[in-house]
Each structure stands twice: as structure tokens, then as C-alpha cells.
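Remarks on the overall topology
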Amino acid sequence: MAGQTDPHTSLISPQEVEFMAEDEMVEIVPNMNMNPLNFISGDFGRFIPQIPTKVPLWLAVALKRRGKCTFRPPGWFSVDNLTQILEAERESQSTFQPLPFSYVEIARLLFDHARDDIPDMYMVRSLVEDIRDVRLHKLETNLGSFQGTSAVKISSVSAMEVNLVRPFVRRALEAFYKHDKPEADADRDSRSSRQPRESNNEPRRPLRQR
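All values derive from a computational prediction rather than experimental measurement. (Residues numbered from 1 in each chain as written. Predicted model: local features only at pLDDT ≥ 70, side-chain atom pairs only at ≥ 80, totals over all residues. Heavy atoms only, no water.)

On to the packing of helix α1 (residues 14–21) against helix α4 (residues 103–113), then. Two elements in contact, α1 and α4, have axes separated by 9 Å at closest approach and are oriented at 80 degrees. Compared by their axis directions, α1 and α4 come out roughly perpendicular. Each of Val17, Glu18 and Ala21 in α1 lies in contact with α4, whose residues at this interface are Glu105, Arg108 and Leu109. A class-by-class count of the residues in the contact of α1 with α4 yields 3 nonpolar, no polar and 3 charged. (Axes fitted to C-alpha atoms, helices over the stretch in contact; angles between N-to-C directions. Helix = DSSP H or I, 4+ residues; strand = E, 2+ residues; numbered from the N terminus. Parallel < 35°, antiparallel > 145°, perpendicular 65-115°, else oblique. Contact = heavy atoms within 4.5 Å. Nonpolar A, V, L, I, M, F, W, Y, C, P; charged D, E, K, R; others polar.)

Encoded structure:
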């Protein structure tokens, strides 16, 4: 389960999850003067050198590739904060620490495109991977005691984690539904058999003689 999402059973591919994460807002520090950029999703800028501004992650990556800005890593993306999160995740087997919904995808894009802007990049990457592995193990453990119900509620789960467990939860709910359905059908049949049938007092139509 800790591997890649099965494209045949998951409704959303890992690439689609990452695509949606690119709309997350991040802070950049431009190194150029540029008027505001107008997109369907909104207007971003004006861009002034050394003045931080927030833009969608996809735009930040595009500007970074052109050497037009540097990233300012988000507050949760530090060694101290990630270390505390990892310790808290290990201490509790039933709760998950609050993280951005797309923390895995954001981290991956930052590692790919802004590694020179991340202090202690290799330590940060190791901590993010450890947090991801611990959380996936907790998900597997919690879902191992899954009981039949019409819904599953787990707080503070990320997009990637939801996408990984969705096929299992869907199959489990379908199995429980199929298991309970014969009993419901039998109960409904027994109730209908006990109800008196209404007599049909309408006169019968006479048969035509040949």
C-alpha cells in the first residue's frame, strides 16, 4: 500500500493529485520588475525586486525556471518543525498531525525546482519521507480494524494518503454492503409475507367464444 497508487482502482492518478497541488499558494522573492499577471484563476503581482509576494505554486515554478525569483519555504518546511511533527506522529497511533493537504506534492515540487532555496535540504527531505512512511503505516494499522459502516472519517489526512486508501475503503464498503444486503432482503421479504394480500373483487371479463 505504501507504493504508487494503482491507476486501475484509484479514481485519481498521482499526477492528477500533483496537478491540483500546484494551485497552493507559496511565497516568492522576485528579482525583477514586472506588472501584475492576469489569469483566469486570478491576478498576481505586481513583482518588485526583493519584495516577497504570494503566487500559485505552478507560477512560482515557472518563474524559478526562468531565474526570475527565489522561493521562500513555508513555515512548516523547516528541520525543527518537521522533527516535532515526526515525533508527534510516532507517539500517537490513532491521530495525525495537521499538515497542508498537499504536503507531499508541495515538498516534491520544492525538492525538484527549488532545492537551492531550502536550508538543510537533505535533512528536510529525509524528515518528510519519514513522516510520510509513519503516517502510511498508521493508516494501514487503523484500516486493519475497519468495521462496516456507511462512511469513514479520519482527520488531517493528506491528498496522497486519501488517494492511496480510497480503493481499499471503497472495496471494503462494497463488501460490507453485499454482506448486509441479503439479510435486509430476507427481512423485507418476511415482512411482506406477513402482510395480508388484498383480494381482487373486480368482475372477471368473460372469454370470447370462437
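Moving on from the model shown.
Moving on, we get to the confidence of the model for the protein. Summing up the model confidence of the protein, the mean pLDDT is 80 and the portion of residues at 70 or higher is 68%. Counting contacts from residues 1–9, a segment whose pLDDT is below 50, to residues more than four positions away or on other chains yields 18 contacts. (pLDDT = per-residue confidence, 0-100.)

Another point: the packing of aromatic side chains. Enumeration according to the criterion identifies 4 aromatic pairs in this entry. Their ring planes at 40 degrees and their centres at 6.3 Å tell us that phenylalanine 39 and phenylalanine 44 sit as a pair that is tilted. A residue is classified by how much of its surface remains accessible, and phenylalanine 39, at 33% relative accessible area, is partly exposed. The class of phenylalanine 44 is buried, set by a relative accessible area of 9%. Relative to phenylalanine 111, the ring of phenylalanine 77 has its centre 5.5 Å away and its plane inclined at 35 degrees; by these criteria the two rings are tilted. With phenylalanine 77 in the loop between β5 (69–72) and α3 (79–91) and phenylalanine 111 in helix α4, this pair connects stretches of sequence that are 34 residues apart. A residue is classified by how much of its surface remains accessible, and phenylalanine 111, at 6% relative accessible area, is buried. Aromatic ring contacts, followed pair by pair, group Phe39, Phe44 and Trp58 into a single cluster. Here arginine 125 stacks its cationic end above the ring of phenylalanine 111, 4.9 Å away from the centre of that ring. Over the ring of phenylalanine 96 we find lysine 138; its NZ or CZ atom is 4.8 Å from the centre of that ring. (Phe/Tyr/Trp six-rings, centres within 6.5 Å; stacked < 30°, edge-to-face > 60°. Buried < 20%, exposed > 50% of the residue type's maximum accessible area, 1.4 Å probe, protein only. Lys NZ or Arg CZ within 6 Å of the ring centre and 35° of its normal.)

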